[in-house]
Amino acid sequence: MSKALPKRSENYSEWYNELVKRADLAEHSAVKGCMVIKPYGFAIWEKMQRALDDMFKATGHQNAYFPLFVPKSFLEKEEEHAEGFAKECAVVTHYRLKANPDGKGLIVDPDAKLEEELIVRPTSEAVIWNTYKGWIQSWRDLPLLINQWANVVRWEMRTRIFLRTAEFLWQEGHTAHATSEEAIEETEKMLGVYATFAEEWMAMPVLKGVKTPSERFAGAVDTYCIEALMQDGKALQSGTSHFLGQNFAKSFDVKFVNKENQTEFPWATSWGVSTRLMGALIMAHSDDNGLVLPPRLAPIQVVIVPIYRNEEDLAKISERANPIIEKLKSLGVSVKYDFDDKFKPGYKFAEYELRGVPVRLAIGMRDLENGTVEVARRDTLSKETLALDGIEDKIVALLDEIQTNIYQKALKFREENTFRVDTWEEFQEQIEKGGFILAHWNGTDDTEEKIKAETKATIRCIPIGAAEESGTCVYSGEPSQKRVVFARSY
RNA sequence: CGGGGCGUGGCUCAGCCUGGUAGAGCGCUCGAUUUGGGAUCGAGAGGUCGGAUGUUCGAAUCAUCUCGCCCCGACCA
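Model, not experiment: these values are computed from the prediction. (Residues numbered from 1 in each chain as written. Chains lettered and ligands numbered in written order. Predicted model: local features only at pLDDT ≥ 70, side-chain atom pairs only at ≥ 80, totals over all residues. Heavy atoms only, no water.)

## Quick look at the overall build of chain A
The cut-off we apply is this: For helices the rule is a DSSP run of H or I covering at least 4 residues; for strands it is a run of E covering at least 2, with both sets numbered from the N terminus onward. Here the globule rule is a power law, 2.2 Å times the number of residues to the power 0.38, and the radius of gyration is based on C-alpha atoms. Each residue gets one of three labels from its accessible area relative to the maximum for its type: buried under 20%, exposed over 50%, partly exposed in between, using a 1.4 Å probe on protein chains only. Two residues qualify as a contact provided that any one of their heavy atoms is within 4.5 Å of a heavy atom in the partner residue. Surface exposure here means Shrake-Rupley accessible area, sampled with a 1.4 Å probe, where a residue is shielded only by the protein chains that are shown. The charge count includes Lys and Arg as positive and Asp and Glu as negative, but it does not include His or the ends of the chains. To locate a charge, take atom NZ for lysine, CZ for arginine, CG for aspartate or CD for glutamate.
When you go through chain A residue by residue, the secondary structure sums to 14 helices and 27 strands. Relative to the globule expectation of 23 Å for 490 residues, the C-alpha radius of gyration of chain A, 26 Å, shows essentially globular dimensions. For chain A, buried positions account for 52% of its 490 residues. Relative to all contacts within chain A whose residues are 6 or more apart in sequence, the contacts with residues 24 or more apart total 68%. When the accessible surface of chain A is summed, it comes to about 23,000 Å², and 50% of that surface belongs to carbon and sulfur atoms. Here chain A carries 62 positive and 76 negative side-chain charges, and the mean point of each set is 4 Å from the other.

Written as C-alpha cells, this is what we have:
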C-alpha cells in the first residue's frame with residue numbers, strides 16, 4: 001500500500017476513490033454497482049441519520065416502513081412517474097430456485113413465475129400512496145406526515161461509490177395535506193431542513209432552488225433542491241423536496257372529505273436525502289492528506305495518542321489522560337484513547353489524519369513534566385502546545401471553531417467559484433474551468449437542452465429568493481427576468 | 001450499449017511475449033530492540049494463478065469460450 005493519496009489537482013476522481021477506500025469508509029462489493037459501507041463510514045452515516053431524524057421529528061413527522069417490492073401495476077398508475085423510472089428498475093419475476101437437473105448449482109424454477117412482476121423500489125410513492133388510500137378519509141386525517149429510512153435500487157449504467165450506486169440508503173418523506181398551500185409550505189419547510197442540516201452539520205453551504213421542468217422528479221409538479229459545489233468545480237445535487245400536487249392522490253384514488261362535507265384529493269409532497277451526502281461530505285472538505293470531517297459528524301472527535309517508551313511511561317500518561325477523557329465524554333465529546341502499541345505515534349498521526357479526526361492530542365513524558373499537551377487540528381494541520389490544566393474546555397471550544405472554519409472555508413470557495421456571466425463566449429470559457437455560473441436563460445427546454453449538448457452544463461436550479469433582474473438569455477439573446485445557476489454536475 | 005483495463009497468498013503487483021509446475025513488497029504470527037510525524041532485525045504461516053474446454057510429455061504462460069469487477073464515454077428521478 002502506497003502511503004500518499006493521489007493529489008486532487010492531478011486526478012480528482014482517483015483521489016476520491018482512493019480516499020473512500022483508504023479512510024475505511026466503503027469498498028466496492030462483489031456485486032456490480034453496489035457498495036459495502038464499512039463501520040467507520042457507516043458511523044458517519046448514522047450521525048447524519050440521527051441529526052436528520054431529530055429534525056424530522058421536531059417538524060412533526062413519524063417514521064414508518066413500507067415494502068421493498070412494488071407491484072408493477074402500482075408503479076404504472078402515475079404515468080409520468082412510471083416513465084421516468086422505467087429504465088432503471090430491477091424486476092423480480094420468479095419466487096423460487098431449484099437444483100439444476102442438468103448439473104451443478106441452481107436454476108430459476110420456470111414453474112415459479114410470478115403472476116405479476118414485482119419492482120424493487122426505486123422510490124416509494126407508488127406503494128405509499130396505495131397504502132394512504134386506506135389511511136385517509138377525512139380532513140381530520142390530514143396532514144399525514146410520514147418518513148421512512150430505507151434502501152432503494154436504481155439500475156444505473158455507470159456508478160460511483162456513494163455518489164451514484166445501484167443500491168443506496170436514504171430517507172424518503174411522504175406527506176399528504178388538505179390544501180395546495182399547505183403542501184407547498186411543507187415542501188419548502190423540508191428543503192429548509194435539508195439546507196440547515198447541510199450547513200450546520202455538514203458545514204457545507206448549499207444553494208436552495210427550484211428545478212427546471214426537464215430536471216424535475218418524475219410525477220412532481222415542482223422539484224426543489226439544494227445544490228452544493230464540490231472542490232473540483234462540479235455541482236452536486238444534495239437533496240430534493242417535491243411538491244407532487246394531486247398527481248398521486250388522483251392516480252391512486254385517495255380522497256378525503258373536507259369540513260364542508262365535499263370530497264377532495266389531498267395534496268402531496270415527498271423529499272429525500274441519501275448516502276450521496278457521504279460523497280458530498282468527502283468532496284466538500286477533504287484534502288490531499290485525507291478526509292476532513294466537521295466535528296458534528298465525526299465519529300471520533302478527539303483522538304489522544306500517548307507517546308511512551310515502556311509500560312511505566314504509559315501508566316503515568318494514562319493516569320493523567322484518563323480524567324481528561326472522562327471530562328470530555330461528560331461534555332459530550334467522543335474521544336478515542338489510542339494506546340495500542342502495535343503502531344508508532346507517527347503512523348497513528350497519519351492514520352487519524354486520513355480518517356479526518358478533527359482534533360488530535362499527543363501526550364508524552366515531556367508533557368507530563370511540563371504539564372502540557374500537543375494539540376493538532378485537522379482542518380488547518382496546525383499544532384500548538386497547551387497547558388493540560390483546563391484543556392477540556394479549550395477542546396470543546398476548538399471543536400466549535402473547527403466546525404465554523406470548515407464551513408467558512410467551503411463558503412469562501414463557493415463564492416470564489418460563482419460567476420456572473422453575460423455572454424455566450426464567456427459562458428463556454430468559464431464552464432470549462434468549473435464553478436457555478438449565474439446567467440440569464442429564456443426559460444425554454446430547447447435552450448436548456450442545447451446548452452447542455454454544447455457544454456455539458458445543466459441548469460442546477462432557479463435559485464429561491466434571487467433578485468429580479470432584467471437581462472438577455474446567454475444563449476438565445478431573448479429577454480429574461482432572472483439569473484439561473486448553471487454548472488457541470490455529478 | 002460502445003471503448004479500455006484488470007482477475008496470481010489478506011492487499012498491491014511481477015512472472016505470460018519466448019510453456020518446464022509460483023515470486024516480491026506490504027500486511028499477518030512469534031521473538032527482540034524501538035516509540036515526539038508512517039520503526040528495525042530475525043524466524044514463520046499463507047496461493048487448485050477467476051472458471052471451462054482444448055493444444056502439449058508438460059499450461060499462470062498458448063487457443064477458444066465464459067464469468068466477474070473497475071475506469072472512460074453514452075445515460076442519469
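Once you've had a look at it, read on.
## What about the pattern of salt bridges?
Rules: Whenever a carboxyl oxygen of Asp or Glu lies within 4 Å of a side-chain nitrogen of Lys or Arg, that contact is scored as a salt bridge.
Applying the stated criterion to the full structure yields 31 salt bridges. With a shortest N-O distance of 3.8 Å, Arg355 and Glu351 are connected by a salt bridge. In this structure, the salt-bridge partner of Glu429 is Lys433, at a minimum N-O distance of 3.9 Å. Note that Glu429 and Lys433 are positioned in helix H13 (residues 424–433) at a spacing of four residues, about one turn of the helix. In this structure, Glu429 and Lys433 share a single accessibility class: exposed.

## Focus: the environment of Leu19
Locating Leu19 in the fold gives a position in helix H1 (residues 12–22). Separated by 366 residues in sequence, Leu19 and Thr385 have C-alpha atoms that sit 30 Å apart. In contact with Leu19, not counting residues within four places along its chain, are Leu5, Ile282, Ser286, Gly290, Leu291 and Leu354.

## Here we look at the protein's contact with RNA strand B
As a reminder, the rule being used: When at least one non-hydrogen atom of a residue lies within 4 Å of a molecule or strand, that residue is treated as near it. Under the rule applied, a polar contact is a pair of N or O atoms within 3.5 Å (in protein, one hydrogen donor and one hydrogen acceptor; residues adjacent in sequence only if both atoms are side-chain atoms). Each residue receives one of three labels: charged for Asp, Glu, Lys and Arg, nonpolar for Ala, Val, Leu, Ile, Met, Phe, Trp, Tyr, Cys and Pro, and polar for the others, Gly being one of them.
In the region of RNA strand B, 40 residues are neighbours, and Lys32, Arg154, Arg158, Ala218 and Asp367 sit closest. The contact in question runs from a sugar or linking oxygen of RNA strand B to an N or O atom on the backbone of Tyr308, over 3.4 Å. Gly346 places a polar main-chain atom, nitrogen or oxygen, 3.4 Å from a sugar or linking oxygen of RNA strand B. If you list the elements that add at least two residues to the surface near RNA strand B, you get H1, helix H10 (345–354), strand S19 (359–364) and helix H11 (365–370). The biggest single contributor to the surface near RNA strand B is H10, with seven residues. Looking at the surface near RNA strand B, its residues break down into 14 nonpolar, eight polar and 18 charged.

## What about the nonpolar core?
As a reminder of what qualifies: As used here, the term nonpolar core means buried Ala, Val, Leu, Ile, Met, Phe, Trp, Tyr and Cys residues forming a set that is joined through side-chain atoms within 4.5 Å.
In terms of nonpolar packing, the biggest core is built from 61 residues, with Tyr16, Leu25, Met48, Phe162, Met202, Met204 and Met230 touching the most fellow members. Considering each element in turn, this core owes the most residues, eight residues, to helix H2 (residues 39–58). Excluding residues within four positions of it along the chain, Met230 makes contact with Tyr12, Met204, Leu236, Ala280, Met283, Ala284, Phe413 and Tyr490.

## A look at the sheet that holds strand S4 (residues 69–71)
What counts here: In this description, strands pair whenever DSSP reports at least two bridges between them. In this description, a line fitted to the C-alpha atoms serves as the axis of each element, helices being fitted only across the stretch in contact, and the angle between N-to-C directions of two axes falls anywhere from 0 to 180 degrees.
Strand order across the open sheet formed by three strands is S4-S8-S5, with antiparallel pairing between neighbours. The open sheet has two edge strands with one neighbour each: S4 and strand S5 (91–94). Along the sheet, successive strands turn relative to each other by an average axial angle of 35°, direction set aside. As paired elements, S5 and strand S8 (residues 113–120) share three bridges and run antiparallel to each other. Opposite Val91, over in S8, you have Ile119 as the bridge partner.

## Some thoughts on the pairing of strand S13 (residues 235–245)
By the criterion of burial, S13 is predominantly enclosed, with 10 of the 11 residues buried. Note: strand S12 (residues 222–229) against S13, eight bridges, orientation antiparallel. Each bridged residue has a counterpart across the sheet, and for Asp222 the counterpart in S13 is Phe243. Hairpin remark: S12 followed by S13, antiparallel, with five residues in the connecting loop; positive phi at Gly233, about 85°.

## Section: the sheet that holds strand S3 (residues 62–63)
The strand order S3-S9-S10-S16-S13-S12-S11-S24-S27-S23-S22 describes an open sheet built from 11 strands, whose pairing is mixed. In this open sheet, the two strands that pair with only one neighbour each are S3 and strand S22 (418–420). Helix H6 (residues 180–200) contacts strand S9 (144–153), strand S10 (167–177), strand S11 (207–210), S12, S13 and strand S16 (267–274) of the sheet and is inclined by roughly 10° relative to S16. Lying on the sheet, helix H12 (residues 391–416) is in contact with S11, S12, S22 and strand S23 (436–440); it crosses S22 at an angle near 30°.

## A look at a nonpolar patch on the surface
Filter applied, for reference: Note on patches: the residues involved have over 30% relative accessible area and no salt bridge, like charges join within 9 Å, and the nonpolar side chains Val, Leu, Ile, Met, Phe, Trp and Tyr join within 5 Å.
Together, Leu97, Leu106 and Val108 line one region of the surface with nonpolar side chains, adding up to about 300 Å² of accessible area. Mapped onto the elements, Leu106 comes out in strand S7 (residues 106–108).

## Considering the domain arrangement of chain A
A common measure of how large an interface is: the accessible area buried when the components associate. The condition that has to hold: For the purposes of this description, domain bounds are those given by an automatic or database domain assignment.
By domain assignment, chain A separates into domain 1 (12–66 + 137–285), domain 2 (300–401) and domain 3 (418–487). Centre-to-centre, using C-alpha coordinates, domain 1 lies 37 Å away from domain 2.

## Some thoughts on the pairing of strand S27 (residues 483–487)
Across the five residues of S27, five count as buried, placing the element largely inside the fold. With burial as the criterion, each face of S27 is covered, one bearing Arg483, Val485 and Ala487 and the other bearing Val484 and Phe486. Where S23 lies against S27, four bridges are found, and the strand directions are antiparallel. Bridge assignment links Ala439 to a residue of S27, and that residue is Val484.

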